[in-house]
Amino acid sequence: MRTFDFAPLYRSTVGFDRLFSLFDQATGQDASAPGYPPYNIERTDENDYRITVAVAGFGQNDLSIESKENTLTIKGERQVKEEQTGEVLYQGIAARAFERVFQLADDVRVVGASIENGLLHVDLVREIPEAKKPRQIAIGNGKAKPTVVETKAA
């Protein structure tokens, strides 16, 4: 896979740092991008999307979802450690704190969230403003009537 170095562009551009960060994340070059917890992004309808995050071991009170500007942030942190009655021989279910950040398009907003069977579902919808929607243009016969302006002679 090819790698791109955007460092020279940082020197000569202002305000494009977010764009370059998105490129780095998309190409997998961002070392700070965590792999935990795993997630899916699916398109459920033409303008509907769903982000599903595997949050086994987290309860509803351990999770927080924040939508600010074009960023969706999902955080998980265990509030209270459960009392263990026996000795844990192996712990394979991760319960470490996490933060997942998703960049949203301008017209996408969060409409709801639910947790079911250890999966957090965040539902999104893209609402296209009327000004950006396609519209039909009526076709005339091509003979527009000229507008006549009358003036009075002095």
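What this report covers is the structure whose coordinates are included nearby. Counting from 1, residues in each chain are numbered in the order their sequence is written. For a predicted model such as this one, the threshold for reporting local features is a pLDDT of at least 70, and the threshold for listing and counting side-chain atom pairs is 80 or more; totals across whole chains, interfaces and linings nevertheless cover every residue. Hydrogens are left out, water is left out, and the side-chain values use all remaining heavy atoms of the structure.

1. Comments concerning the overall build of the protein
Then comes step 1: The helix and strand labels rest on DSSP assignments: H or I over at least four residues marks a helix, E over at least two residues marks a strand, and numbering proceeds from the N terminus. What the protein contains, in helices and strands, is two helices and seven strands.
Then comes step 2: The linear arrangement of helices and strands in the protein, starting from the amino end, is α-α-β-β-β-β-β-β-β.
Then comes step 3: Out of the 154 residues belonging to the protein, those deemed buried represent 17%.
Then comes step 4: Contact between two residues is taken to exist if any of their heavy atoms lie within 4.5 Å; hydrogens are not considered. Long-range pairs, those at least 24 residues apart, make up 53% of the contacts in the protein between residues at least 6 apart in sequence.
Then comes step 5: Per-residue and other accessible areas were derived by the Shrake-Rupley procedure at a 1.4 Å probe size, with only the shown protein chains allowed to occlude residues. Of the roughly 12800 Å² that the protein leaves accessible, carbon and sulfur atoms contribute 50%. Throughout this description, buried means an accessible area under 20% of the type-specific maximum (1.4 Å probe, protein chains only), exposed means over 50%, and partly exposed covers the range between.

2. Quick notes on the nonpolar core
For soluble globular proteins, nonpolar side chains are generally found buried alongside one another.
Then comes step 1: If you look at the biggest cluster of nonpolar residues, it comprises 15 residues, and the most contacted ones within it are Leu72 and Ile74.
Then comes step 2: Those elements that provide at least two residues to this core are β2 (48-54), β4 (71-76), β5 (98-103) and β7 (119-126).
Then comes step 3: The leading source of residues in this core is β7, at three residues.
Then comes step 4: Excluding anything up to four places from it in sequence, Ile74 contacts Val53, Ser64, Ile65, Phe98, Glu99, Arg100, Phe102, Leu120 and Val122. Only buried Ala, Val, Leu, Ile, Met, Phe, Trp, Tyr and Cys residues count toward a nonpolar core, and they belong to the same one when joined by side-chain atoms within 4.5 Å.

3. Regarding the side chain of Asp62
Then comes step 1: Of note, Asp62 is situated in the loop between β2 and β3 (63-68).
Then comes step 2: An unpaired buried charge is present at Asp62: no salt bridge exists, and Arg78, the closest side chain of opposite charge, is 4.1 Å distant.
Then comes step 3: For the purposes of these results, a polar contact is taken to be a pair of N or O atoms within 3.5 Å, where, inside protein, one atom must be able to donate a hydrogen and its partner to accept one; residues adjacent in sequence count only when each atom of the pair is a side-chain atom. Engagement of the side chain of Asp62 in a polar contact is seen with the backbone nitrogen of Gly59, the distance being 3.0 Å.
Then comes step 4: Discounting residues that sit within four places of it in the chain, Asp62 has contacts with Gly57, Lys75, Gly76, Glu77, Arg78 and Gln79. All tallies of charge rest on Lys and Arg as positive and Asp and Glu as negative; His and the ends of each chain are not included. Throughout this description, the term salt bridge denotes a Lys or Arg side-chain nitrogen within 4 Å of a carboxyl oxygen of Asp or Glu.

4. Details of the sheet that holds β3
Then comes step 1: Two strands qualify as a pair provided that DSSP identifies no fewer than 2 bridges between them. In space, the three strands of this open sheet follow the order β3-β4-β5, with antiparallel pairing throughout. Looking at which strands have only one partner, the edges of the open sheet turn out to be β3 and β5. Adjacent strand axes in the sheet meet at a mean angle of 15° when their direction is disregarded.
Then comes step 2: When β3 meets β4, the two strands line up antiparallel, connected through six bridges. Angles run from 0 to 180 degrees between N-to-C directions of axes, and those axes are lines fitted to C-alpha atoms, restricted for helices to the stretch in contact.

5. Focus on the pairing of β7
Then comes step 1: In terms of strand pairing, β2 meets β7 through seven bridges, oriented antiparallel. For Arg50, the partnering residue across the bridge sits in β7 and is Asp123.
Then comes step 2: As paired elements, strand β6 (residues 108-116) and β7 share eight bridges and run antiparallel to each other. Within β7, the position partnered with Arg109 by the bridge is Val125.
Then comes step 3: Turn length for the β6-β7 hairpin, with the two strands adjacent in sequence and antiparallel, is two residues, and the turn residue Asn117 shows positive phi of about 55°.

6. Section: the sheet that holds β6
Then comes step 1: Across the sheet, four strands lie side by side as β1-β2-β7-β6; this open sheet has antiparallel pairing. The strands lining the two open edges of the sheet, one partner per strand, are β1 (39-43) and β6. Across the sheet, the axes of successive neighbouring strands diverge by a mean angle of 20°, strand direction being ignored.

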